[in-house]
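Structure at a glance
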Amino acid sequence: MDTSVAEDLPPGTTPYYARMHKWIKRATLVCLVALVIEGAFTLPFMAVYYGYPTLSLTQICSELLKNRFSDDTLECKHPYPPLGPPEGAEGKDTARDVWGIQPVPQYHRLGFRELVHIHQERVARQQD
C-alpha cells in the first residue's frame with residue numbers, strides 16, 4: 001500500500017510530508033496571485049495620486065526624477081534607449097542624499113497631487 005501512495009507523489013516528496021507540501025504549494029499560489037493583483041492596482045492608484053489626469057505618465061516620471069535628484073534638467077526618456085545608462089545614473093551626482101550603508105534621502109516627501117503644482121510652478125518659471 002505504501003509503494004502505490006509513494007508512486008503518486010511528486011519527486012522528492014515523502015509520504016510523511018506530502019500534506020505539508022500540498023499546503024505550501026497552495027499558499028505559494030495564493031501569494032503569487034495576490035502579488036499580481038496588487039501590482040496591477042498599484043500603478044493606476046499611484047499615477048492618480050501623483051496627478052495622472054493632469055500630467056502624463058512621462059511628465060510624472062520626469063517630475064519625480066527632478067524632485068529626487070534636485071536637478072531641473074532631468075527628463076524621462078520614452079522609449080528608453082536599449083543600451084542606455086541605468087535609471088537614475090545621470091542624476092546621482094546632484095542628489096542631496098546622505099550616502100552610506102543606509103542612504104538617507106533629503107528630498108521633499110510629496111503629497112497628494114503635489115507634482116501638478118510643482119510642474120506648473122516650473123513651467124511658469126521657465127516662461128518668465
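Residues numbered from 1 in each chain as written. Predicted model: local features only at pLDDT ≥ 70, side-chain atom pairs only at ≥ 80, totals over all residues. Heavy atoms only, no water.

**Notes on the UniProt feature "transmembrane region" (unreviewed entry) in the chain**
Operational definition: UniProt positions are given in the numbering used here, feature names are shortened, and annotations may be inferred rather than shown by experiment. Under the scheme used here, helices are H or I runs from DSSP no shorter than 4 residues and strands are E runs no shorter than 2 residues, and both carry numbers assigned from the N terminus.
In the numbering used here, UniProt assigns the feature "transmembrane region" (unreviewed entry) to residues 29-52. With 92% helix and 0% strand, residues 29-52 has its two end C-alpha atoms placed 33 Å apart.

**So, the nonpolar core**
The test is simple: Here the nonpolar core consists of buried residues drawn from Ala, Val, Leu, Ile, Met, Phe, Trp, Tyr and Cys, with membership extended through side-chain atoms lying within 4.5 Å. For every residue, the accessible area (1.4 Å probe, protein chains only) is compared with the maximum for its type, and the residue is labelled buried under 20%, exposed over 50%, or partly exposed between those bounds.
Within the largest apolar cluster, seven residues are counted, these being Tyr50, Leu55, Ile60, Leu110, Leu115, Val116 and Ile118. No other element matches helix H4 (residues 114-127), which puts three residues into this core. Within the second largest apolar cluster, five residues are counted, among which are Phe69, Leu74, Cys76 and Ala95.

**Re the packing of aromatic side chains**
Note the threshold: Centres within 6.5 Å are what make two rings of Phe, Tyr or Trp a pair, Trp counting through its six-membered ring; a difference in plane orientation under 30 degrees is then read as stacked, over 60 as edge-to-face, and the rest as tilted. Working rule: Lys NZ or Arg CZ, within 6 Å of ring centre, within 35 degrees of ring normal, means a charge sits over the ring.
One pass over the structure, following the stated rule, counts four aromatic pairs. On the basis of an interplanar angle of 75 degrees and a centroid distance of 5.5 Å, the ring pair of tyrosine 49 and tyrosine 50 is categorised as edge-to-face. Taking relative accessible area as the criterion, tyrosine 49 reaches 33% and is therefore assigned partly exposed. Judged by its relative accessible area of 19%, tyrosine 50 falls in the buried class. Members of the aromatic cluster, connected to one another through ring pairs, are Tyr49, Tyr50 and Phe112. Sitting over the face of the ring of tryptophan 23, arginine 26 holds its NZ or CZ atom 4.7 Å from the ring centroid.

**Concerning helix H2 (residues 18-50)**
The criterion, for reference: The span you would expect from a helix comes to 1.5 Å times its residue count less one. A residue's bend is given by the angle between axes fitted to the 7 residues ending at it and the 7 residues starting at it.
The end-to-end C-alpha distance of H2 is 48 Å, a good match for the 48 Å that 33 residues give at a rise of 1.5 Å each. Considering bend angle alone, the principal kink of H2 is centred on threonine 42 and spans about 25 degrees; proline proline 44 follows within four residues of it. Looking only at H2, the buried set comprises Ala18, Ala47 and Tyr50. Downstream of H2 by a residue or two, glycine 51 has a phi angle that is positive, lying close to 120 degrees.

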